[in-house]
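Structure assessment
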Amino acid sequence: MYVCDVCGYVYDPAAGCPEQDVAPGTAWADVPESFVCPLCGVGKDMFSEE
């Protein structure tokens, strides 16, 4: 699990992020660098491993 440091959104690899075309089962390392938090819009670099 990876958590947005700004708003607390949790990226769950098992669920992915369909609204950004990240398929379920996608490991954080495989999430594109262009990924942004679907709630607040910050980049992947603003997430921390939980």
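The structure under discussion appears in the preceding block.
For clarity, every value in this text was computed on a predicted model and none was experimentally measured.

Reading the values: rules and limits
- Each chain has its residues counted from 1, following the order in which its sequence is written.
- Only residues with pLDDT of 70 or above have their local features reported here, since the model is predicted, and side-chain atom pairs are shown and tallied only from 80 upward, although totals for entire chains, interfaces and linings are computed over all residues.
- Only hydrogens and water are set aside; all other atoms, that is, all heavy atoms of the structure, feed into the side-chain values.
- Only DSSP runs of H or I with at least four residues qualify as helices, and only runs of E with at least two residues qualify as strands; both kinds are numbered from the N terminus onward.
- Relative accessible area decides the class of each residue, using a 1.4 Å probe on protein chains only: under 20% of the type maximum gives buried, over 50% gives exposed, and in between gives partly exposed.
- Here a residue-residue contact requires only that any non-hydrogen atoms of the pair lie within 4.5 Å.
- For the area figures, the Shrake-Rupley method with a 1.4 Å probe applies, and any residue is considered shielded solely by the protein chains shown.
- N or O atoms closer than or at 3.5 Å make up a polar contact, with two conditions inside protein: a donor-capable atom paired with an acceptor-capable one, and, for residues adjacent in sequence, both atoms drawn from side chains.
- In this analysis, rings of Phe, Tyr and Trp, with Trp reduced to its six-membered ring, are considered paired at centre separations within 6.5 Å, and the interplanar angle assigns stacked below 30 degrees, edge-to-face beyond 60, and tilted for intermediate values.
- We call a charge positioned above a ring when the Lys NZ or Arg CZ atom is no farther than 6 Å from the ring centre and deviates by at most 35 degrees from the ring normal.

A closer look at the overall build of the protein chain
A count of helical and extended segments in the protein chain gives zero helices and three strands. In sequence order, the secondary structure elements of the protein chain are arranged as β-β-β. Along the first, second and third principal axes, the C-alpha atoms of the protein chain reach 25 × 20 × 15 Å. Buried residues in the protein chain amount to 32% of all 50 residues. Within the protein chain, contacts between residues separated by at least 24 positions form 39% of all contacts whose residues are at least 6 apart in sequence. Of the roughly 3000 Å² that the protein chain leaves accessible, carbon and sulfur atoms contribute 53%.

Some words on the side chain of Lys44
Note on placement: Lys44 falls in the loop between β2 (10-11) and β3 (47-49). There is a polar contact of 2.7 Å between the side chain of Lys44 and the backbone oxygen of Val31. If sequence neighbours within four positions are ignored, Lys44 has contacts with Trp28, Ala29, Val31, Pro32, Glu33 and Phe35.

Side note on the packing of aromatic side chains
By the definition in use, this model includes seven aromatic pairs. Their ring planes at 65° and their centres at 5.7 Å tell us that Phe35 and Phe47 sit as a pair that is edge-to-face. You can see Phe35 sitting in the loop between β2 and β3 and its partner Phe47 sitting in strand β3, a full 12 residues away along the chain. One aromatic cluster in this structure is built from Tyr2, Tyr9, Tyr11, Trp28, Phe35 and Phe47. The ring of Trp28 carries the charged tip of Lys44 above its face, separated from the ring centre by 5.1 Å.

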